[in-house]
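Chain by chain, the residues run as shown.
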Amino acid sequence: MESLKKYLEKTNRRITIEYIMLDGINDNEENIKALKAIADSHLCVDKIELLPFRKICQVKYDKMNIPFRFGHLPEPTREKMEELSKILQ
């Protein structure tokens, strides 16, 4: 069976990588450069979108009495997101 990567490239499909930024976990230059290297090695990747982590789902977790494992993490600032996005350029 043909790999997904080969299929996407053969059929000229373009994809966007959406990467959620988590404070202190993956929001550093090393991780962004590694992500860019992976994307650059796949012709089918047309862009990377860095998405800020948001706690909007915490309300649902609270209503269901389920611990929200990322509730202690702060949401990234606009400045941090801009800083990380510049690494991709």
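Look up: the structure comes first, before these words.
This one's a predicted model, so the numbers in the text were calculated from it and none came from an experiment. (Residues numbered from 1 in each chain as written. Predicted model: local features only at pLDDT ≥ 70, side-chain atom pairs only at ≥ 80, totals over all residues. Heavy atoms only, no water.)

Caption draft 1: Spotlight on the packing of aromatic side chains. Taken as a whole, this structure holds four aromatic pairs when the rule is applied. Between F53 and F68, the aromatic rings sit 6.4 Å apart at their centres with planes inclined by 15 degrees, giving stacked as the arrangement. With a gap of 15 residues between them, F53 in the loop between strand 2 (45–52) and helix 3 (58–63) and F68 in the loop between helix 3 and helix 4 (78–87) connect regions that are remote in the sequence. Across this residue pair, the class does not change: F53 and F68 are buried. Relative to F70, the ring of F68 lies with its centre 6.4 Å away and its plane at 80 degrees, an arrangement referred to as edge-to-face. An aromatic cluster of at least three residues, connected via ring pairs, comprises F53, Y61, F68 and F70. (Phe/Tyr/Trp six-rings, centres within 6.5 Å; stacked < 30°, edge-to-face > 60°. Helix = DSSP H or I, 4+ residues; strand = E, 2+ residues; numbered from the N terminus. Buried < 20%, exposed > 50% of the residue type's maximum accessible area, 1.4 Å probe, protein only.)

Caption draft 2: Up close: the pattern of salt bridges. Summed over the entire model, instances satisfying the criterion amount to five salt bridges. Linking E29 and K33 is a salt bridge whose minimum nitrogen-to-oxygen distance equals 2.7 Å. With a gap of four residues between them, E29 and K33 both fall in helix 2 (residues 29–40), about one helical turn apart. With a closest N to O distance of 3.1 Å, D40 and K36 form a salt bridge. In this pair, D40 and K36 both sit in helix 2, four residues apart, roughly one turn of the helix. Take D40: its relative accessible area is 51%, and that puts it in the exposed class. (Salt bridge = Lys/Arg side-chain N within 4 Å of Asp/Glu carboxyl O.)

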